[in-house]
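Spelled out from the first residue to the last, the chains are:
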Amino acid sequence: MAEPLGSLVRTHTCGALRPADVGTDVVLLGWVHRIRDLGGVTFIDVRDRHGISQVVVRENVALMAVAKRLRSEFVVGVSGHVQRRSADTVNPKLATGEVEVLAAEIRILNEAKTPPFQIAEDGPVSEDVRLRYRYLDLRRPRLQNNIGLRHRVSIAIRKYFDEQGFWEIETPILAKSTPEGARDFLVPSRVHPGEFYALPQSPQLFKQILMIAGTDRYFQIVRCFRDEDQRADRQLEFTQVDVEMSFAQPESIYNLIEPLMPRIFKEIGREVTLPIRRMSYADAIAKYGSDKPDLRCGMEIADLSDVFRDSEFRVFKQIVADGGVVRGFSVPGGNKYSRSQLDVLVDQAKQMGFTGLIWVRPGSPPLCSVKALSEAALRPALDRVKAATDDLLLMAAGPADNTSKLLGQLRLAVAAKENLLNPEAFEFLWVTDFPLLEYHEEDGRWYSMHHPFTSPKDEDVDKLETEPGAVRAKAYDLVLNGSEIGGGSIRIHDAALQSRIFTRLGISEEEAKLRFGFFLEALEYGTPPHGGIALGLDRIVAILAGESSIREVIAFPKTASAVDLMAGAPSPVDAKQLRELHLNLKTQKPN
């Protein structure tokens, strides 16, 4: 039976008591964490999000009777007297471990059913169960720490941008559908039959319009929505730190964002070394096989084409002659691999898409999986990748980008196997000079690599019609430990150039007006040069918390199949609601 809170007013949180509080009377309010009944004395750990305090009941028959009714997760109010623990009962694992509260009154404010998993222990629980009972999962220390960290990071971000003269401005959640990239979530309009709002994939057009409006510096910690497949680092709804500033160059964005990183990492007691390294997209692909390279493990991919241009190994010689490349990287300590381990590695490479993987053990002479390669050919390759005696050279050949991308996948697989991705290391990188456009063979047209409002580099504008694949963008990504945590660009601020981009993308004047008419009109009223970036708050906090999935730092995430197991969403709606929205559902008959 629940008792009223009555006159009980919390004096301290459950994590606040210290030796300085000995001799004072206190009131604690929280959940029963653990109970230890030793017969003549009962110890009750009371928990709230701030910590745990030990309450002791002894020599009080009425209170002992109340204590015997308590179960895990009951909500209680405790009043009592703070006393020092005896030396042999001090708990150094708790901030409150030197003191305890001798109970004078215990009120059971609410009872609780037995939880489906232990709250007091962070043991393994299936994700489906955790998400079904998310309100219980959120009571556990791991999730409380993660959500608390997210809060502190958000506060640090807001303070920083305020200091830099930015205004936080809310942009619409119900917006116009301007599909480009991921699918929109559509919201039917009741008062405009047959018409729809879209939930924003990002505030892109609105933040650019704010620059046209003279806002100068804008930011927002904003929810965004994309109807795309779920992954460990993606959710249907996610949070980004959206930033835009007028009269910006790429250097302006780098200089703005870099000092923010130490402020964020201060929340976990870590330092960030500035400035952040920069690398062009072309170099990132060539040297790491990825536009978001993980720099923690080294193993840079080297171009060995010139080494094998005149090789006696005809396969390599022909590939290079045909315009392909030979590339490879050195695995630290890889010479220890047995022949069977090397065979497994070669099989793994074939599953990734390699037509062949060649390994070389350094030595005198080197030992290679291809006997046709002599020491005279292999020695320069080993020197190029700086392979030590204990290392292993892995090589592949073929088209340039594809070869590096496959080696990049293999590089990360080997790094994970060899524990070379130190979770305590944080390696930042700016990736710059992305291609503006990418060609899709399946439908024979060009697409924006980022979005159609990204500005081409000034020196490449003349190539838009003649060499679209060679046009580089004023675009940049911020990468941390192999994850893209931010992406942005300098925007197109000239209406004529924006029209050229739309034409290059195969978007007709009529279609552009239909989809982006309000924005195109705004461009004609004196638009300043501007640019910005969006930082992924979920991904940043997950990395700070040491979590592999952003679901662990979001209070109420969806499952991998895009379902809210706790609330039961998505769910059907009744016929009346559908009629009000002027919708008729077509049900697919089973075959």
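Here the structure is shown first, and the text comes after it.
Asks: Even after reading the chapter, I still don't get the sheet that holds strand 12 (residues 302-303), so can you show me in this structure?
Replies: Remark on secondary structure: sheet strands pair via backbone hydrogen bonds, oriented parallel or antiparallel. Here we have five strands laid out as an open sheet, ordered 12-13-16-14-15, and antiparallel in their pairing. The open sheet has two edge strands with one neighbour each: strand 12 and strand 15 (367-368). Examined bridge by bridge, strand 12 and strand 13 (residues 325-331) share two bridges and lie antiparallel to one another. By the bridge assignment, Ala302 is partnered in strand 13 with Gly328. Where helix 9 (residues 314-321) meets the sheet, it contacts strand 13, strand 14 (358-361) and strand 16 (392-398), and its direction lies at approximately 50° from that of strand 16.

Asks: Would you explain the side chain of Glu100 in this entry?
Replies: Its location among the elements puts Glu100 in strand 5 (residues 99-110). For Glu100, which is buried and forms no salt bridge, the nearest opposite charge comes from Arg58, at a distance of 4.4 Å. Side-chain polar atoms of Glu100 contact the side chain of Gln54, separated by 2.8 Å. Engagement of the side chain of Glu100 in a polar contact is seen with the side chain of Gln83, the distance being 2.8 Å. Other than its neighbours up to four places away in sequence, Glu100 contacts Phe43, Gln54, Val56, Arg58, His81, Val82, Gln83 and Arg85.

Asks: Any chance you could explain the pattern of salt bridges here in plain terms?
Replies: Working definition: two side chains of opposite charge can pair if their charged atoms are close together. All chains considered together, the criterion is met by 42 salt bridges. Close ionic contact of Arg491 with Glu244 constitutes a salt bridge, the shortest N to O distance being 2.8 Å. Within this pair, whereas Arg491 is found in the loop between strand 21 (483-490) and helix 13 (495-504), its partner Glu244 is found in strand 10 (residues 237-246), the two being separated by 247 residues in sequence. The pair formed by Arg491 and Glu244 is uniform in burial state, with each residue classed as buried. Where Asp458 meets Lys474, a salt bridge forms, and the shortest distance between an N and an O atom there is 2.9 Å. With Asp458 in the loop between strand 19 (445-448) and strand 20 (475-480) and Lys474 in the loop between strand 19 and strand 20, this residue pair connects regions lying 16 residues apart in the sequence.

Asks: Mind showing me how you'd approach helix 5 (residues 204-212) here?
Replies: The periodicity of an α-helix, 3.6 residues per turn, causes residues three or four positions apart to be oriented the same way. Taking burial as the measure, the nine residues of helix 5 include seven buried ones, the bulk of the element. Among the residues of helix 5, those classed as buried are Gln204, Leu205, Lys207, Gln208, Leu210, Met211 and Ile212.

Asks: How do you make sense of helix 10 (residues 339-352) when you look at a structure like this?
Replies: Its 14 residues place the ends of helix 10 20 Å apart at the C-alpha level, agreeing with the 20 Å of an ideal helix rising 1.5 Å per residue. Those residues of helix 10 not exposed but buried are Leu342, Leu345, Val346 and Ala349. For helix 10, the angular spread of buried residues about the axis comes to 100°, placing them on one side. Exposed residues pointing more than 90 degrees away from the buried face of helix 10 are listed as Val344 and Gln351.

Asks: Just checking my understanding: could you explain the sheet that holds strand 3 (residues 51-58) for this structure?
Replies: Ordered in space as 1-2-3-5-4, the five strands form a closed barrel in which the pairing is mixed. With strand direction ignored, the average angle separating the axes of adjacent strands in the sheet is 55°. Pairing geometry for strand 3 and strand 5, over two bridges, is parallel. In the sheet register, Val56 faces strand 5, and the bridge partner there is Leu102.

Asks: Explain a nonpolar patch on the surface here, please?
Replies: Among the surface-exposed residues, Ile173, Leu174 and Tyr197 lie close enough to one another that they form a single nonpolar patch of about 250 Å² accessible area. In this fold, Tyr197 is placed in strand 8 (residues 196-199). On the basis of relative accessible area, Tyr197 is assigned to the partly exposed category, the value being 32%.

Asks: Even after reading the chapter, I still don't get the pairing of strand 3, so can you show me in this structure?
Replies: Where a strand is regular, its side chains alternate between the two sheet faces. Strand 3 sits mainly inside the fold: seven of its eight residues count as buried. Where strand 2 (residues 41-48) meets strand 3, eight bridges bridge the pair, whose relative direction is antiparallel. Following the sheet pairing, Thr42 is matched in strand 3 by Val57. Hairpin connection between strand 2 and strand 3: a loop of two residues separates the two successive antiparallel strands.

Asks: How should I be thinking about unusual backbone geometry in this particular structure?
Replies: Excluding glycine, a negative phi dihedral is what most residues carry, and trans is how most peptide bonds are arranged. Cis rather than trans, the peptide bond between Leu274 and Pro275 has omega equal to 0°. Among the structural elements, Pro275 can be located in the loop between helix 7 (260-265) and strand 11 (278-280). Ala569 connects to Pro570 through a cis peptide bond whose omega is 0°. By the element assignment, Pro570 lies in the loop between helix 15 (537-545) and helix 16 (575-580). Backbone geometry at Asn419 places phi at a positive 55°, although glycine is not the residue there. For Asn419, the location among the structural elements is in the loop between helix 12 (400-417) and strand 17 (428-432). Relative accessible area serves as the criterion here: at 69%, Asn419 is assigned to the exposed category.

Asks: Hey, could you run me through the nonpolar core in this one?
Replies: Nonpolar side chains in soluble globular proteins generally cluster together in the buried interior. The biggest cluster of nonpolar side chains holds 41 residues, and the ones touching the most others in it are Phe161, Ile257 and Met261. Take this core: its biggest share by element is six residues, from helix 15. The contact partners of Met261, leaving out residues within four places of it in the chain, are Val272, Ile276, Phe428, Leu478, Ile485 and Leu535. Counting 33 residues, the second-largest nonpolar core is a separate cluster that includes Ile212, Met279, Tyr281 and Leu523.

Asks: Would you mind showing me how to read empty space enclosed by the protein here?
Replies: One simple way to see leftover space: roll a probe sized like a water molecule over the atoms. Per the stated rule, a full pass over the model turns up one cavity of 30 Å³ or more. Roughly 50 Å³ of volume is contained in the largest cavity. Forming the walls of the largest cavity are Leu131, Arg134, Phe556, Pro557, Asp564, Leu565 and Met566. When grouped by side-chain class, the residues that make up the lining of the largest cavity number five nonpolar, no polar and two charged.

How each quantity is defined
- Residues numbered from 1 in each chain as written.
- Predicted model: local features only at pLDDT ≥ 70, side-chain atom pairs only at ≥ 80, totals over all residues.
- Heavy atoms only, no water.
- Pairing = 2+ DSSP bridges.
- Helix = DSSP H or I, 4+ residues; strand = E, 2+ residues; numbered from the N terminus.
- Contact = heavy atoms within 4.5 Å.
- Axes fitted to C-alpha atoms, helices over the stretch in contact; angles between N-to-C directions.
- Buried < 20%, exposed > 50% of the residue type's maximum accessible area, 1.4 Å probe, protein only.
- Lys, Arg positive; Asp, Glu negative; His and termini not counted.
- Salt bridge = Lys/Arg side-chain N within 4 Å of Asp/Glu carboxyl O.
- Polar contact = N/O pair within 3.5 Å; in protein donor to acceptor, adjacent residues only side chain to side chain.
- Expected span 1.5 Å × (residues − 1).
- Arc of directions from axis to C-beta.
- Patch = residues over 30% accessible without salt bridge, like charges linked within 9 Å, V, L, I, M, F, W, Y side chains within 5 Å.
- Areas by Shrake-Rupley, 256 points an atom, 1.4 Å probe, with all protein chains shown as cover.
- Core = buried A, V, L, I, M, F, W, Y, C linked by side-chain atoms within 4.5 Å.
- 1 Å grid on protein atoms, 1.4 Å probe; cavity = no way out; pocket = protein on both sides within 12 Å on 5 of 7 lines; lining within 4 Å.
- Points joined across faces, edges and corners; volume = space filled by probe spheres on them.
- Nonpolar A, V, L, I, M, F, W, Y, C, P; charged D, E, K, R; others polar.

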